[in-house]
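Fold and geometry: a report
These are the residues of each chain, in order.
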Amino acid sequence: MKQFLLFIFGLSLFAAPLNTANGGCSKKPQEEPVETQVEQLMNRLHVLREKGVMFGHQDDPFYGLTWAYDKDSSDVKTVCGDYPAVMGFELGGIEMGDEKNLDSVPFTRMREEIQNHYRRGGIVTISWHPRNPLTTIPGGGNAGQKFPEGTAWDVSDTTVVKSILPGGKKHEEFQKWMERVHDFLASLKDDQQVPIPVIFRPWHENTGSWFWWGEKLCTADEYRALWYMLQDYLSLDLDLQLLWAYSPGMAPDLTEEKYLERYPGDDRVQLVGIDGYQWGTREDFMSQLDQNLDMLTKFATHHEKIAALTECGLKNLTEPDWWTTALMPIVHKYPISYLLVWRNYKEEWFGPSPSKPDAPFFVEYYNDDKSLFLKDIQ
């Protein structure tokens, strides 16, 4: 009987295939790792970039030139029949525990519109203009003034960044500010209570000096330490789905060396951008944007990042054909993911409006094959 069992065992050895890749030991196949929401967003941005450039608009569903907080309203949609592919939202004021942001948008409404846009298949980007922690007075200051006391534009003190870094006199207070930012971001969930991925863009336009974290207000090392502090704090929550965007301001003859001066590092950034507005002549804007995007897209390729024009615009669209003859010819030359124009407000607007002469030109821009709106990315 024993010999019979040995014979059967010997046959089973010949019958069983050997897994030579694992040294002759058979193993269960490993399951493919599940992509996070941020990884899915990054892959989506890469794929859509091959198709064209997504159009984005700041505060699009909140107000326009002639309305405010109407349900399902949008100046962009009224003009062209479609929502922006990307919508921008602003957290300034959340650090104070305010109910509304610095543009008077209720944070409860903001959360609702972020969920609405994500539900539609849109992409969300969030910026943060925190108040000046050294000079702020709760409830005081308006962002519309030149250097309003206590706001992000208050550059009256060059030690603000240093004061909130570890060891600084405002460090503990700023911990509370970061906690409030975290709590809002953590509340962004879809209908299944899954975290919504967002493009998070803090400490922007840092190569200028109009914000308290700007070039003349802190050293390069202090700026990077500021970035690390916020990123490390928010990264403690593994459920947050943040795609980190670094976006200095557009500059004449922007070089890679200049761009890298305050760059947090490839391990800290997923999207690289620039903020560029036309404040002077059209010719200067187009020339500068062309040079800057050429540098940026080459940088993005070399560093394996996604590139975007993270803010842009012409205030009050004083040149109605700006969409088709100034912006479109430049941005459609480059493999950028999206562009985002700033908000529409009755006194200052950057997006299209049905009541303004630029509307027909915006429709022409919308109809271009490389201009991507919500219907193009669903």
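Not measured: the values here are computed from a predicted model.

Bringing the overall build of the chain into the picture now. Of regular secondary structure, the chain possesses twelve helices and eleven strands. Summarising the internal contacts of the chain: among those between residues at least 6 apart in sequence, 75% fall at separations of at least 24. Per element, the accessible surface of the chain, about 17800 Å² overall, is 52% carbon and sulfur.

In this section: the side chain of His129. In this fold, His129 is placed in the loop between strand 3 (123–127) and helix 5 (160–164). At a separation of 3.1 Å, a polar atom in the side chain of His129 contacts the side chain of His204. With sequence-adjacent residues up to four places away left out, His129 is seen in contact with Glu90, Gly92, Glu95, Leu102, Ala152, Trp153, His204, Phe211, Trp213 and Trp342.

To continue, consider helix 7 (residues 220–235). A rise of 1.5 Å per residue sets the reference length of helix 7, with its 16 residues, at 22 Å; its end C-alpha atoms lie 22 Å apart and thus fit the reference within 8%. Turning to helix 7, its buried residues are Glu222, Tyr223, Arg224, Leu226, Trp227, Met229, Leu230, Gln231 and Leu234. Summarising the contacts, the buried residues of helix 7 are in contact with helix 5, helix 6 (171–186), strand 4 (198–201), strand 5 (242–246) and helix 8 (256–260).

Turning our attention to the packing of helix 9 (residues 282–303) against helix 10 (residues 322–331). One way to put it is that helix 9 packs onto helix 10 with a least axis distance of 9 Å and a crossing angle of 20°. What the angle tells us is that helix 9 and helix 10 run roughly parallel. Handedness of the crossing formed by helix 9 with helix 10: right-handed. On helix 10, the residues touching Arg282, Phe285, Met286, Leu289, Asp290 and Leu293 of helix 9 are Trp322, Thr325, Ala326, Leu327, Ile330 and Val331.

This paragraph deals with the pattern of salt bridges. What the rule picks out here adds up to 16 salt bridges. Glu113 is the salt-bridge partner of Arg109, the closest N and O atoms lying 2.9 Å from each other. Residue Arg109 and its partner Glu113 are both found in helix 4 (residues 107–120); the two are separated by four residues, about one turn of the helix. Overall, the relative accessible area of 6% leaves Glu113 in the buried class. One salt-bridge network, held together by shared partners, links Arg201, Asp275 and Glu311.

Okay, the nonpolar core next. If you look at the biggest cluster of nonpolar residues, it comprises 110 residues, and the most contacted ones within it are Met54, Leu91, Ile126, Trp203, Tyr259, Leu289 and Leu339. When neighbours within four sequence positions are excluded, Leu339 is seen to be in contact with Val53, Met54, Phe55, Gly56, Leu309, Cys312, Leu327, Val331 and Tyr365.

Calculation rules
- Residues numbered from 1 in each chain as written.
- Predicted model: local features only at pLDDT ≥ 70, side-chain atom pairs only at ≥ 80, totals over all residues.
- Heavy atoms only, no water.
- Helix = DSSP H or I, 4+ residues; strand = E, 2+ residues; numbered from the N terminus.
- Contact = heavy atoms within 4.5 Å.
- Areas by Shrake-Rupley, 256 points an atom, 1.4 Å probe, with all protein chains shown as cover.
- Polar contact = N/O pair within 3.5 Å; in protein donor to acceptor, adjacent residues only side chain to side chain.
- Expected span 1.5 Å × (residues − 1).
- Buried < 20%, exposed > 50% of the residue type's maximum accessible area, 1.4 Å probe, protein only.
- Axes fitted to C-alpha atoms, helices over the stretch in contact; angles between N-to-C directions.
- Parallel < 35°, antiparallel > 145°, perpendicular 65-115°, else oblique.
- Left-handed = near helix turned anticlockwise from the far one by under 90°.
- Salt bridge = Lys/Arg side-chain N within 4 Å of Asp/Glu carboxyl O.
- Core = buried A, V, L, I, M, F, W, Y, C linked by side-chain atoms within 4.5 Å.

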